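Summary of the model geometry
Okay, here's what each chain looks like letter by letter:
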Amino acid sequence: LQVDLWQPSSPFHIIEGTVADVRVPQNTTRSLLPFLQQENIHYTILISDLQEAIENQTGGRSHRNRRSLSGYNYEVYHSLEEIEDWMHYLNRTYSDLVHMFSVGKSYEGRPLYVLKLGKRSRPYKKAVWIDCGIHAREWIGPAFCQWFVKEALQTYQTDPDMRKMLTQLYFYIMPVFNVDGYHFSWTNDRFWRKTRSKNMRFHCHGVDANRNWKVKWCDEGASLHPCDDTYCGPFPESEPEVKAVAHFLRKHRKQIKAYLSFHAYAQMLLYPYSYKYATIPNFNCVESAAYNAVNALQSAYGVRYRYGPASSTLYVSSGSSMDWAYKNGIPYAFAFELRDTGHFGFLLPEMLIKPTCTETMLAVKNITLHLLKKCH
């Protein structure tokens, strides 16, 4: 169980027998620790100064070469502006393999950019959709989307598997799904999760973009309260970001055979269903794809991912993009929960971007190549 902020006066999120991650204001630490000891609650201090850890990721940017596109650094986190500049640069530089377009606009009016990646070898090709950053604070997601594009473009000529993938498939890659929230996580609140739409009645901002899809909307695992992190929104597809992507996926559902969404953190590879405990019709194909992908991932650094249906492997949640994609005819729908398992959590250090992306790349290639074979 992960709790972002615990006020000792109302610890309603904390359940006996579970592990909780808590953020504690510095001025309450002295009074809290004796209380935990007195109540015989076992604790470990994971990050002693959270503010310093945040500033290490967002600060000191003038000292690092973030913005030179020719020498773009894939081993640091990038702001939304930098990611968009990078996308424009690739669109100009790799016009034979990259086509950039927008599927719509966010609540605050930002374009929702997608990269279409692949060789224009034939008029009709199957496709894979990849999105990152549906939750703003999960910065390793957008970092992986950029890493995937880099690897595809750099190894296309030399790696037979990558050449096969880009020749036989298109990849639609959305590096930052929740653009407003991601921007806000850089400028105001590093732990912001939701979109930035306004709720006039409660004066709270945002909807959980992964609870806003029209599949068992606002059932178990989602909240009706606008101030909650898992708020499902006033109605399905209320968020312009969700509506725009859902419209694109519906329009291309005959072409798109796999939906991959990248989250953090837990080190898991999940597939439907999220909203109920039930076995999907093509379980054998999806299960074998997940098993092989997890093994491929582990081969890089020995990191073992758990895999299985999201409801039983992680928790029950309704209105998720993965369930929606599956219900709308995309046979391979997966959600990755990338590193780590809680020590750094959303503040995964930049030194772990490379190993995380390297191992994840193996899993994604494995799933993609599985798609190209007939599954028995």
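Residues numbered from 1 in each chain as written. Predicted model: local features only at pLDDT ≥ 70, side-chain atom pairs only at ≥ 80, totals over all residues. Heavy atoms only, no water.

Considerations on unusual backbone geometry
Convention followed: Helix and strand definitions follow DSSP, with helices as H or I runs of at least four residues and strands as E runs of at least two, each counted in order from the N terminus.
In this structure, Tyr 265 follows Ala 264 across a cis peptide bond, with omega equal to 10 degrees. On the secondary structure map, Tyr 265 appears in the loop between strand E9 (256-264) and strand E10 (268-271). Omega for the bond connecting Pro 272 with Tyr 273 falls within 30 degrees of zero, at 5 degrees, which places this linkage in the cis form. The phi dihedral of His 203 is positive, around 55 degrees, even though this residue is not glycine. Notably, Gln 267 is not glycine yet its phi reads approximately 60 degrees, a positive angle.

A word on the state of the cysteines
Rules: In what follows, a disulfide is any cysteine sulfur pair within 2.5 Å.
Here the structure, examined in full by the defined rule, presents 3 disulfides. Residue Cys 132 pairs covalently with Cys 145 via a disulfide, S to S 2.2 Å. For the disulfide bridge between Cys 132 and Cys 145, the dihedral angle about the S-S bond is near 85 degrees, and by the sign convention the bridge is right-handed. Of this pair, Cys 132 sits in strand E5 (residues 126-132) while Cys 145 sits in helix H4 (residues 140-155), and the two are 13 residues apart along the sequence. With its sulfur 1.8 Å from that of its partner, Cys 204 forms a disulfide with Cys 227.

A closer look at the pattern of salt bridges
Going by this rule: We count a salt bridge whenever a side-chain nitrogen from Lys or Arg sits within 4 Å of a carboxyl oxygen from Asp or Glu. A 1.4 Å probe rolled over the protein chains alone gives each residue an accessible area, and that area as a share of the maximum for its type sets the label: buried under 20%, exposed over 50%, partly exposed in between.
Taken as a whole and assessed by the stated rule, the structure comprises 9 salt bridges. One salt bridge connects Lys 150 with Glu 151, and the closest N-O pair in it is separated by 2.8 Å. Taken as a pair, Lys 150 and Glu 151 share a single burial class, namely buried. The partner of Glu 359 in a salt bridge is Arg 339, with the nearest N and O atoms 2.8 Å apart. Of this pair, Glu 359 sits in helix H11 (residues 353-372) while Arg 339 sits in the loop between strand E12 (332-338) and H11, placing them 20 residues apart in sequence. Here Glu 359 and Arg 339 have matching classes, each one buried. In the salt-bridge network here, residues are joined through shared partners; they are Glu 108, Arg 110 and Asp 180.

Regarding the packing of aromatic side chains
As a reminder, the rule being used: Side-chain rings of Phe, Tyr and Trp, where Trp is taken by its six-membered ring, are said to pair if the distance between their centres is within 6.5 Å; with planes under 30 degrees apart they count as stacked, over 60 as edge-to-face, and otherwise as tilted. Think of it as a cone above the ring: NZ of Lys or CZ of Arg counts as a charge over the ring if it is within 6 Å of the ring centre and within 35 degrees of the ring normal.
What the rule picks out here adds up to 25 aromatic pairs. With a centroid separation of 5.9 Å and 85 degrees between ring planes, the pair formed by Tyr 273 and Tyr 326 is classed as edge-to-face. Here Tyr 326 lies in helix H10 (residues 321-327) and Tyr 273 lies in the loop between E10 and helix H8 (283-301), a separation of 53 residues in the sequence. One exposure class covers both Tyr 273 and Tyr 326, and it is buried. One aromatic cluster in this structure is built from Phe 144, Phe 148, Phe 171, Phe 262 and Phe 336. Above the face of the Tyr 74 ring, Lys 150 is positioned so that its terminal group lies 5.7 Å from the ring centre. Directly above the aromatic system of Trp 147 lies the positively charged group of Lys 150, at a separation of 3.8 Å from the ring centroid.

A word on the nonpolar core
Selection rule: Nine residue types can take part in a nonpolar core, namely buried Ala, Val, Leu, Ile, Met, Phe, Trp, Tyr and Cys, and a core is a set of them joined through side-chain atoms within 4.5 Å. Residue contacts follow a heavy-atom distance rule, with two residues in contact if any of their heavy atoms lie within 4.5 Å.
Core analysis: the biggest nonpolar cluster contains 108 residues, and Trp 129, Ile 130, Phe 171 and Phe 334 have the highest contact counts within it. Broken down by element, the residue count for this core peaks at 9 residues, all from H4. Those residues in contact with Trp 129 that sit more than four places away from it in its chain are Val 114, Tyr 172, Met 174, Val 245, Phe 248, Leu 249, Ile 256, Ala 258, Tyr 259 and Leu 260.

Structural notes on the pairing of strand E11 (residues 306-309)
Applied cut-off: Two strands are said to pair when DSSP picks up at least two bridges between them. Orienting the strands away from the viewer, one traces the path from the first strand over the helix to the second; a clockwise path indicates a right-handed crossover.
Bridge count between E10 and E11: 4 bridges; the pairing is parallel. Its bridge partner being in E11, Leu 270 is matched across the sheet by Gly 308. Note that the unit made of E10, H8 and E11 has a crossover that is right-handed.

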